[in-house]
Amino acid sequence: MIDVSHQISAVRRTLGDRVVEGEEARVLTISQVYDTDVDDLWDACTNPERIPRWFLPVSGELKLGGKYQLEGNAGGTVERCDPPKSFAATWEFGGNVSWIEVRLTPEGDGTRFELEHVAHIDERWDEFGPGAVGIGWDGALVGLVLHLATPGSSVDPEAAMAWMMSPEGIRFMTASNEAWYEADVASGADPAKARAAADRTLKAYTTPPEA
């Protein structure tokens, strides 16, 4: 499916802090350069016909002030939109609200996709750390790699799930989780606590649903 080592090293991952609505929040940023122009990458990220080909089926209105829903995942409201440079939206899932912003910037012969996910620090963050959402976003970037390499292709949810539980998929999630652990420690987290959180995250991702 992909070269795991190459993909993991092609992605930048950082963590920071921010105060949002008067509460402390963590800022997770992930980015990768894609071999396409800004307009094509913008279309891949905002066209409801293309989004399901690399991410998830989406419904709603993908415009400023519009509400969206990703099938089986988060929904929210589009809060800012500056085509073809950036958009921002709430990310509402499981009764919690966080925020995402996507920024597209020309870089070399391609375009850098950068996603920022801001979430308040809560019990879930303390228990699992950044890998809980970071591994998922790493997977989304893989989907975008495959889609841009073969524009007409689409993600097969069953095949994607099977790959995740394959030896290669587990190696990918393990490497992603380790990279987020390193980013956590680099941002100032206690190494022992970060390690324990990362171990819990990897176990949650790699334990088959029926186990």
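For the structure, see preceding data.
Structure report, in brief. This one's a predicted model, so the numbers in the text were calculated from it and none came from an experiment.

### Quick word on the overall build of the chain
And then number 1: A count of helical and extended segments in the chain gives eight helices and eight strands.
And then number 2: Rg of the C-alpha trace for the chain: 17 Å, near the compact-globule value of 17 Å for 211 residues, within the 12% margin.
And then number 3: Judged by the C-alpha coordinates and their principal axes, the chain covers about 45 × 45 × 40 Å.
And then number 4: Summed over its atoms, the accessible surface of the chain is roughly 11,000 Å², and 53% of this surface lies on carbon and sulfur atoms.
And then number 5: Within the chain, the 35 negative side-chain charges are centred at a point lying 2 Å from the centre of the 18 positive side-chain charges.

### Here we look at the sheet that holds strand β2 (residues 23-34)
And then number 1: In space, the eight strands of this open sheet follow the order β1-β2-β8-β7-β6-β5-β4-β3, with antiparallel pairing throughout. Of all the strands in the sheet, just β1 (12-20) and β3 (58-60) have a single pairing partner and so form its edges. Pairs of neighbouring strands in the sheet enclose a mean axial angle of 25°, with direction left out of account.
And then number 2: Along the sheet, helix α5 (residues 131-149) contacts β1, β2, β6 (86-93), β7 (96-107) and β8 (110-120); its crossing angle with β2, the most-contacted strand, is approximately 25°.
And then number 3: Contacting β1 and β2, helix α7 (residues 167-186) crosses the sheet at an angle of about 50° to β1.

### Considering the pairing of strand β4 (residues 67-70)
And then number 1: Judged by which residues are buried, β4 turns out to be one-sided: Y68 and L70 face inward and are buried, whereas K67 and Q69, on the alternate face, are not.
And then number 2: The hairpin turn running from β3 into β4, its antiparallel successor, is six residues long, and G65 in that turn takes a positive phi close to 85°.
And then number 3: Here three bridges tie β4 to strand β5 (residues 75-82), and the two strands are oriented antiparallel to one another. Residue pairing for β5: Y68 is matched across the bridge by G76.
And then number 4: Hairpin connection from β4 to β5: four residues lie between these consecutive antiparallel strands, with G72 at a positive phi of about 70°.

### Examining a negative patch on the surface
And then number 1: Taken together, the side chains of E21, E23, E79 and E92 make up a negatively charged region of the molecular surface.
And then number 2: Tracing the backbone through its elements, the reader meets E92 in strand β6.

The rules behind the values
Residues numbered from 1 in each chain as written. Predicted model: local features only at pLDDT ≥ 70, side-chain atom pairs only at ≥ 80, totals over all residues. Heavy atoms only, no water. Helix = DSSP H or I, 4+ residues; strand = E, 2+ residues; numbered from the N terminus. Rg over C-alpha atoms; globule rule 2.2 N^0.38 Å. Areas by Shrake-Rupley, 256 points an atom, 1.4 Å probe, with all protein chains shown as cover. Lys, Arg positive; Asp, Glu negative; His and termini not counted. Charge placed at Lys NZ, Arg CZ, Asp CG, Glu CD. Pairing = 2+ DSSP bridges. Axes fitted to C-alpha atoms, helices over the stretch in contact; angles between N-to-C directions. Contact = heavy atoms within 4.5 Å. Buried < 20%, exposed > 50% of the residue type's maximum accessible area, 1.4 Å probe, protein only. Patch = residues over 30% accessible without salt bridge, like charges linked within 9 Å, V, L, I, M, F, W, Y side chains within 5 Å. Salt bridge = Lys/Arg side-chain N within 4 Å of Asp/Glu carboxyl O.

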